[in-house]
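Results of the structural survey
Residues per chain, in single letters:
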Amino acid sequence: AVTACRIDLSAVPAGRSIASLFLLPRCGMECRFCASELGFDVMAFDPACDLLRALRDRGFANVVLGGGEPFLWPHGVRALAEVAQGFGFLVQASTNGLVLPEGFEAVDAIDRYILPLEAADPASHDSLRSGRRIPSGHHGLVMRRIDALVRAGREFTISTVVTRRNLAGLPALAAELDGLARAGARLHAWHLYRFLPVGRGGRPHAPELAVGPDEYREAVASVRGRSRAFPIYRRDDMLRTRSVEFFWYEAGSLRIGTNAWR
């Protein structure tokens, strides 16, 4: 196992406070905009714990357990979340919602869930998220997951990948999220990510999904300009932000996003 003393985080730029861990590449979906690749390792449990310890010592305060789909991780995402909380992290799980366990909304080790919602219209959402292996109905599943979190009084974040297909529907989605928040849902934030023509989904579907930077920014500004009960974040480049650093293992070695994507 990789031990804490062998984890060198000196390449991480100052100011990063959120660590996103890619635990495994598999997710169980076929999203047309997926920016991920399949070539990284399934992170083992002990190296994941050692990485968390090193991140704590580096000053990170927030960790996102992701993938792929973290609830497919064979070593138990709940156990890792408990370790992360023990180190003092605020723990988030970024999930597509497909394989959340019964009673997920009552798991205290996870402070916040991040769920995807591409449109208020089910057909529009499903056209971006479904495929040969995933039939239509993902939108309804996500809404049921949100309802469970709302009833349990749990906090959650919504992420949306802005593409040519769902751009015009952003105002309707904003109105739906507004309604949830004003009815008492603990919606922490809405992240709007510009589609990138990279990864196993994004690269082949770039011609149909690409949105220009100006058009994307205007669309985000439009929904931001209305009264909102939650913050809206514009994410021009989902792989490069000033607050988030990404970590994964590939060919047995720790990789850091700042190094891999420069």
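Residues numbered from 1 in each chain as written. Predicted model: local features only at pLDDT ≥ 70, side-chain atom pairs only at ≥ 80, totals over all residues. Heavy atoms only, no water.

**A few points about the overall build of the protein**
Heads up, the rule is: Put simply, DSSP marks the helices as runs of H or I at least four residues long and the strands as runs of E at least two long, and each gets a number from the N terminus on. Within these notes, the globule rule equals 2.2 Å times the number of residues to the 0.38 power, and the radius of gyration is based on C-alpha atoms. Note on classification: 1.4 Å probe, protein chains only; a residue is buried when its accessible area is under 20% of the maximum for its type, exposed when over 50%, partly exposed between these limits. Contacts are residue-level and defined by heavy atoms, with any inter-residue pair within 4.5 Å sufficient. Note that accessible areas follow from Shrake-Rupley with a 1.4 Å probe, and for residues the cover is restricted to the protein chains shown. Note that His is not counted, nor are the chain ends; the positive residues are Lys and Arg, and the negative ones are Asp and Glu. Lys charges are placed at NZ, Arg charges at CZ, Asp charges at CG and Glu charges at CD.
When its secondary structure is counted, the protein shows nine helices and nine strands. For a compact globule of 262 residues, the expected C-alpha radius of gyration is about 18 Å, and the protein comes in at 18 Å, within 12% of that figure. When its C-alpha atoms are laid out on the principal axes, the protein stretches across 50 × 40 × 35 Å. Evaluated residue by residue, the protein yields a buried proportion of 51% over its 262 residues. Restricting to contacts in the protein with at least 6 residues of sequence separation, those with at least 24 account for 75%. For the protein, the accessible area works out to roughly 11500 Å², and carbon and sulfur atoms hold 51% of it. Of the side chains in the protein, 33 bear a positive and 28 a negative charge, and the two mean positions are spaced by 3 Å.

**What to know about the environment of L9**
Summarising the element assignment, L9 is placed in the segment before β1 (18-22). C-alpha separation for the pair L9 and I256, spaced 247 residues apart in sequence, amounts to 8.4 Å. Setting aside chain neighbours within four positions, we find L9 in contact with L51, A54, L55, R58, F247, L254 and I256.

**Here we look at the nonpolar core**
For clarity, the threshold we go by: What we call a nonpolar core is a set of buried Ala, Val, Leu, Ile, Met, Phe, Trp, Tyr and Cys residues that are connected through their side-chain atoms within 4.5 Å.
The biggest cluster of nonpolar side chains holds 62 residues, and the ones touching the most others in it are L21, W190 and F247. Element by element, the count of residues in this core is highest for helix α1 (residues 45-58), at six residues. Dropping the residues within four chain positions of it, W190 is found in contact with I158, T160, L170, L173, A174, L177, V223, F230, P231, I232 and Y233. Within the second largest apolar cluster, 12 residues are counted, among which are F22, L196, F246 and W248.

**Comments concerning the state of the cysteines**
What counts, and what does not: When the sulfur atoms of two cysteines come within 2.5 Å, that pair is taken as a disulfide.
Applying the stated rule across the entire model yields zero disulfides. For C27, which is in no disulfide, the shortest distance to another cysteine sulfur is to C34 and amounts to 6.0 Å. Residue C27 is classed as buried on the basis of its relative accessible area of 15%. You can see C31 has no disulfide; the closest cysteine sulfur is in C27, sitting 6.0 Å from it. Assessed through its relative accessible area of 11%, C31 is described here as buried.

**A look at the pattern of salt bridges**
The following threshold applies: Salt bridge, as used here, is a side-chain nitrogen of Lys or Arg placed within 4 Å of a carboxyl oxygen of Asp or Glu.
One pass over the full model with this rule turns up 15 salt bridges. With a shortest N-O distance of 3.0 Å, E208 and R32 are connected by a salt bridge. Separated by 176 residues along the polypeptide, E208 in helix α7 (residues 206-209) and R32 in the loop between β1 and α1 bring together distant segments of the chain. Look at E208 and you get partly exposed, because its relative accessible area is 29%.

**Observations regarding the packing of aromatic side chains**
In plain terms, the rule: Here a Phe, Tyr or Trp ring, Trp counted by its six-membered ring, pairs with any other such ring whose centre lies within 6.5 Å, and the pair is stacked when the planes are under 30 degrees apart, edge-to-face when over 60, and tilted otherwise.
Throughout the structure, instances matching the rule amount to seven aromatic pairs. Seen from their ring centres, F22 and W248 are 5.6 Å apart, and the 25° between their planes marks the pair as stacked. In this pair, F22 is assigned in strand β1 and W248 in strand β8 (residues 244-250), connecting sequence segments 226 residues apart. The exposure class of W248 is buried, given its relative accessible area of 6%.

Don't take any of this as a statement about function, it's just geometry.
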